[in-house]
Structures are given as C-alpha cells and as structure tokens.
Amino acid sequence: MKSKDSHNRWWHGAVLYQLYVRSWLDTDGDGYGDLGGVIARLDYLSWLGVDGIWLSPTMPSPDEDWGYDVSDYLGVHPDLGTLEDMDRLIAEAGQRGMRVLLDLVPNHTSSAHPWFIDAAGGKGSGHRDFYVWADPGAGGGPPNNWLNATGGPAWTWHDSTKQYYLHNFLPGQPDLNWWEPRVHEEFRQILRFWFDRGVAGFRIDVAHGLYKDAELRDNPPELSGNPLAGRFGQQQAYNANRPETHDVYRDWRRIADSYPAARVLLGETWVGDPDRLADFYGNDDQLQLAFNFPFVFARLTAPDLSAVVAGTLAALPAEACPVWTASNHDVGRFPTRWCDGDQRKVRLALLVLATLPGAMVLYYGDEIGMTDVGVPLELQQDKMSLGSGQNGSSGEGGQNGGSTDGNGWQGNRDRARTPTQWDGSVAAGSTRAAAPWLPTGDSATVNVADQRDDPGSVLSLCRDLLSLRRAESGGQLASYQPLPAPPGGWAYRAGSLTVLANFSDRPVTCQDPGRPILLSTTGATPAAGDAAGDILLAPWQGIVARTAGVPPAPGRR
Ligand code: NOJ
C-alpha cells in the first residue's frame, strides 16, 4: 500500500535529533551511554520539541569505527543494551510522540561479520561475492589507485586466498559488493526486520557509496581541496558515486512506503552539487531526506549560507524536503566550527536552522551550544582519524569551509563525541563510572541543568525556536522567499515567518518586518532605525516576526 499523502510525511518540517548513544547517559556504570540512558532522558527530548531521534550505530560491532563496522545487523550492541531495550525505547518514544531512526551501514560490514568470515574462507565460499575481491594490479600491487578514508590504499592483501579486498574505510570495514543480488535481498530483510519492530526510518551511512565501478577504473585526480569534491587528491568517481546506487533506494523506498505509517530514509549524501543531491530524492521515489553537506561546510556568512539555501531549493524537486544541519560526529560541532564559541553566533545559527523550510537535524549538545573538546592523544578513541594522522588534539575547528583535509573533518573526531554535559557534577552527570569513555568538556560553564532554569539561555532560546516552528509551520514544508537585505544581513520569508539576521560585527539597518516580533536572539527588540520603517539589528542579532497577512499553518500536534 502506498502511503504518500502529506499527512503521513511526518518528517516535513520535523526536528530530528542526532543522539550519539555512547555519550548520552550511562545507566549501568560502564562509562558508555546506553539505551537505558536514552529512555531515561526521553522526557527531556520531548520537552525540547524533538520529533524524531536518530541513534548513532546501535548494532553489534567490534568498534573499529564505533559501530560503523557492523557484525550483526539484527541485534543491539551489548554495551548499549538489548533488543528488548530497543523495543522499549521505540514504544516509550512513541508514547511521547517521537520516532526512532537507526543508523544503517550498507556500504561495508565489519570484517568480523559472518559474511566476511565465510567470504575470507576461500574463493569458492558461499559469501565470497558479497565483497569486492580483486587480483593484484599490473605492477603487482593493489588493483587500482583507490584510497581509503585514512589516505592509505583502499585494498588489503588477503594472503590466504591471494586476492585483495576493498575497504573504502578501515581494513576492518570491507566494502560490500552491491553487484551481488543476495546482498540486496539481505538488506531488504534487514529493513523489514527493523521496520516491523517500529523503527521509523534509517539514516543511511555513506549513501553515495554502495556500488563500485565494475571495471575498477582508477579515480581521476581532484586538486581543489574541497572535501565534497574528493579526498586525498582523488575524485571519488569510481569507488563511490555510481549511478546504480539509486536503484537500491528505489527498491528501499517501495519497502518504506509499504508500511501504513511510512518509514523514512535519510541519506548521508556526501555530494557537493545540488543537482546531485536532488538525484537522491529522485522522482519522489528514492530517499525522502538527504543531508546537505554544502550547507554544513558553508561559512557562517549571509552570502554563503543564503546561496546554498537558494541553490538547494532551486535544484530539489517540488515537495522534496530539504535537510538543514550544521554539526555531526564527523565534521564537528557548529558552535566551534562556525561560531568559535561565540554565543551570539550560536543563537543566530540556531535561529536559521530552525526557520529554514524542511527538516532540521540537531546534534546532541547543539541546543546548549556545546563546543568541541580537545581530547588528549592518550585518550583518543577514533582509529579513523588516528590512522590518517589527523589527531590534532586542540579541538580547534575554524570555518571548515574547504580548507580541510580530504575527509572533510579536521582533527580527531572524538572532539565532537564527548559526553553530554548534563550538569556541573563529576563527569558532567553522564556516568557514575570512574571516567566516561571520552573526557567531558567544560560542564561547569555549559550544561543542561543550569540552562533549563535560565530563560535567557541558549537552551531556552532553542526550545522557543522549536516551539515557534511547530506552531507556525505545523509540520509542513514552508515556502521560502529571500528578501532584500544590506551587506552582512540575510532576510527571508519562510511560510508565516519573516526572518532578519545580521551576520556581521556591525549593526545593520533592515526594513521593519512589522509586528508581532515573535523572537529575538538577544532577547531585545531591535531599535528603530534612522529612517521611518527601518530597524537596527545588533551585531549577530536575529529576529523572527510574523509575516503580515500570512496565518500560521495548522499545527501537527
Ligand atoms: C560515515 C560515518 O558518519 C562515519 O562516522 C564513519 O566513519 C564512516 N561513514 C564509515 O562508516
């Protein structure tokens, strides 16, 4: 049964929350957050105004890449809980009107997955073709020039069967061979298994990956340094980004749509061109949501952000739901990358994220303005960036607008994976263990407990924004119209809202949007400008007003 009617598209206008389970809340004292901790803080997420929770990887894994190396797609990692805990989490979230999305890793498995263990057993083994094996290249080395995410060869020699296997990430993450029909059938079953348990959707890891060039041709050079154009000097033309991948999503979409409450597919679509982003939505027959990395990597300036937004909306098919996010567990936290810890900028960025039409994804801690944490080398846990020599421990992020290494992340990724700063107590209230798995940031200064009680806090602003968003756009795709703005300013209409934002260190004069002004990031109403009908926005101030004559859309709940 098709369920494409707009009532069913709960993700339109939704607030999704990326929750890094290991760093959320530890309830069994082992130093790792767990599903029990997620359940324990569902009321907080509901209070904040979240519609859906995307859980970082929850499946069993040897944790070479913290769950992005799956050894069992139908289970729950014992560090995090049990299948029963997951069922309870889905049910309890549902009781609070929130959905649960899991992280699905279809590009590769763990080398500890039974499929790979069998495949490695011999050339004639049943699962051999589940992976990408190749003979040495002409010179006797790897079959081609493909590089993995650490910058080394994407091929590892497998001595006992005298072939190389492909891994676009770590050697412990062998790439699956999507030319093999049985891989498709396995993943259909995995999707159904979780959908049947009530999972509302998946964030799809490396969504642009999956198929590899059948002829294993060499990648061409890419010298721009733009993390979305390639990595380590190579365009990922043949080891990823193959057109056949779109057929997988057409297939999965049919499965997602076959549920009475449609399931949602959210792709980690690592592409730099809005037209290629649009390809992942297809003709409303592939992914319903696709991450917008050009937005993530844009600088925090009015021209850069507004250009990405305009370009995205022009390229996306009508009714496609854009996704706005600014932080994640790979690229780092926007309060550092974009804002260098400046609260005025954090507030303005939250305002923009919350008012653009589409779905927004907050990364845990964004709502309190958590910044990256400099993790000393001896405490670092991320083998991927340790392996690529990107283990800078300073935690600095800079603007991250294309000057990064070939992965698009800068420094060790642990810096954005540290425990949630719940309060100012030991380990930020995240665990009763002697030490959490990663050190905590400055929880005496920035924490949930203090900000919850403070109407002037970033957390209170964020909650107000989410509540305004829900009340005004009611879970629908708002229209977007840019408005004239002076240099440094960005002004737009989004449905019933008019947004004025000053991305500069100077006051800017804007046309008064009219009344009521529903929210201001500084808490203050802008002063009147010199001329009649003008207002003066303070440096880095943003305001939201109701657009004259445009009523709010009916609320979702
Ligand atoms: C993207 C994930 O976000 C990242 O954390 C992971 O290392 C790679 N994919 C490989 O799965």
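Look up: the structure comes first, before these words.
The structure contained in this document is the topic of the report that follows. (Residues numbered from 1 in each chain as written. Predicted model: local features only at pLDDT ≥ 70, side-chain atom pairs only at ≥ 80, totals over all residues. Heavy atoms only, no water.)

**With respect to the pattern of salt bridges**
Convention followed: In what follows, salt bridge is the name for a side-chain nitrogen of Lys or Arg lying within 4 Å of a carboxyl oxygen of Asp or Glu. By the criteria applied, helices consist of DSSP H or I runs no shorter than four residues and strands consist of E runs no shorter than two, each listed in order from the N terminus. Three exposure classes are used, based on accessible area relative to the maximum for each residue type with a 1.4 Å probe and protein chains only: buried under 20%, partly exposed in between, and exposed over 50%.
Enumeration over the complete set of coordinates arrives at 32 salt bridges. The partner of aspartate 63 in a salt bridge is arginine 22, and the shortest N-O contact between them spans 3.0 Å. Here aspartate 63 is found in the loop between β2 (52-55) and α3 (83-95), whereas its partner arginine 22 is found in the loop between β1 (15-19) and α1 (35-40), with 41 residues between them in sequence. Comparing aspartate 63 with arginine 22 shows no difference in burial state: the two are buried. In this structure, the salt-bridge partner of arginine 96 is glutamate 92, at a minimum N-O distance of 3.3 Å. The network of salt bridges with common partners includes Asp65, Asp330, Asp382, Arg413 and Arg417.

**A few points about the site of the ligand**
The line we're drawing: Here, proximity means that at least one heavy atom of the residue falls within 4 Å of the molecule or strand. Polar contact is defined as a pair of N or O atoms within 3.5 Å, subject to the rule that within protein one atom must be able to donate a hydrogen and the other to accept it, and that residues adjacent in sequence are counted only when both atoms are side-chain atoms. For the area figures, the Shrake-Rupley method with a 1.4 Å probe applies, and any residue is considered shielded solely by the protein chains shown. Nonpolar residues are Ala, Val, Leu, Ile, Met, Phe, Trp, Tyr, Cys and Pro. Charged residues are Asp, Glu, Lys and Arg, and all others, Gly as well, are polar.
In the vicinity of the ligand there are 13 residues, among which Asp65, His108, Asp205, His329 and Asp330 approach most closely. Within the side chain of histidine 108, a nitrogen or oxygen atom sits 3.0 Å from an oxygen atom of the ligand. A distance of 2.6 Å is found between an oxygen atom of the ligand and a side-chain nitrogen or oxygen belonging to aspartate 205. Relative to its unbound accessible area of 300 Å², the ligand is 97% covered by the protein chains. When grouped by side-chain class, the residues that make up the shell around the ligand number four nonpolar, two polar and seven charged.

**Observations regarding the sheet that holds strand β12 (residues 480-483)**
What counts is decided by this rule: When DSSP finds two or more bridges between a pair of strands, those strands are recorded as paired. Whenever a helix is involved, its axis is fitted only over the stretch in contact; in every case the axis is a line through C-alpha atoms, and angles between N-to-C directions fall within 0 to 180 degrees. Whether two residues are in contact is decided by their heavy atoms, any of which lying within 4.5 Å being enough.
The strand order across the open sheet built from five strands is β12-β13-β14-β19-β16, with neighbouring strands paired in antiparallel fashion. The outermost strands of the open sheet, each flanked by one partner alone, are β12 and β16 (517-520). Along the sheet, successive strands turn relative to each other by an average axial angle of 20°, direction set aside. Where β12 lies against strand β13 (residues 489-494), four bridges are found, and the strand directions are antiparallel. The residue bridging tyrosine 480 from the neighbouring strand is alanine 494, located in β13. Set on the sheet, helix α14 (residues 458-473) makes contact with β14 (497-502), β16 and β19 (542-546); between it and β16 the angle comes to about 150°.

**Some words on helix α9 (residues 302-315)**
So the rule is basically this: For a helix, the expected span equals 1.5 Å multiplied by the number of residues minus one.
Helix length check: α9 (14 residues) gives 20 Å between terminal C-alpha atoms against 20 Å at 1.5 Å per residue, within 8%. Buried within α9 we find Ala302, Leu305, Ser306, Val308, Val309, Thr312 and Ala315. Each element contacted by the buried residues of α9 is listed here: α7 (274-281), α8 (293-297), β10 (323-325), β12 and β13. Where α9 starts, the residue carrying a side-chain oxygen 3.1 Å from the main-chain nitrogen of aspartate 304 turns out to be threonine 301.

**Digging into the pairing of β1**
Counting buried positions along β1 yields five of five residues, so the element is predominantly enclosed. Neither face of β1 is exposed, since Val15, Tyr17 and Leu19 on one face and Leu16 and Gln18 on the opposite face are all buried. In the sheet, β1 pairs with strand β11 (residues 359-363) via four bridges, with the strands oriented parallel. Pairing of leucine 16 across the sheet is with valine 361, part of β11. Here four bridges tie β1 to β2, and the two strands are oriented parallel to one another. Residue pairing for β2: tyrosine 17 is matched across the bridge by isoleucine 53.

**Structural notes on the packing of α7 against α9**
Angle between the axes and distance between the axes: these two values describe a pair of packed helices. We apply this condition: Oblique is the label for any angle not under 35 degrees, not over 145, and not in the 65 to 115 range, which are roughly parallel, roughly antiparallel and roughly perpendicular in turn. Crossing handedness is defined as follows: a turn of the near helix away from the far one that is anticlockwise and smaller than a right angle gives a left-handed crossing, while the clockwise case is right-handed.
Packing of α7 against α9 leaves a shortest axis separation of 9 Å and a crossing angle of 45°. Taken together, α7 and α9 sit at an angle that is classed as oblique. Between α7 and α9 lies a crossing of right-handed hand. Here Pro274, Asp275, Leu277 and Ala278 of α7 lie close against α9, whose contacting residues are Gly311, Thr312 and Ala315.

**A look at the pairing of β11**
In terms of burial, β11 is a largely internal element, five of the five residues being buried. What you see with β11 is no split at all: Ala359, Val361 and Tyr363 on one side and Met360 and Leu362 on the other are buried throughout. Pairing between β10 and β11: three bridges, direction parallel. Residue pairing in the sheet places tryptophan 324 in a bridge with methionine 360 of β11.

**A closer look at the side chain of serine 56**
Note that serine 56 resides in the loop between β2 and α3. Residue classification places serine 56 among the buried positions, given a relative accessible area of 3%. A polar contact is formed between the side chain of serine 56 and the backbone nitrogen of valine 21, at a distance of 2.9 Å. Contact partners of serine 56, with chain neighbours within four places excluded, come to Leu19, Tyr20, Val21 and Asp103.

**Examining the packing of helix α5 (residues 181-196) against helix α6 (residues 245-257)**
Relative orientation of the contacting elements α5 and α6 amounts to 30°, with a least axis distance of 11 Å. In terms of orientation, α5 and α6 fall into the roughly parallel class. Viewed along their axes, α5 and α6 form a crossing whose handedness is right-handed. From α5, His184, Phe187, Arg188, Leu191, Arg192 and Phe195 reach across to α6, where they touch Val248, Asp251, Trp252, Ile255 and Ala256. Of the residues belonging to the contact of α5 with α6, the class tally is seven nonpolar, one polar and three charged.

In short, shape yes, function no, at least from these values alone.
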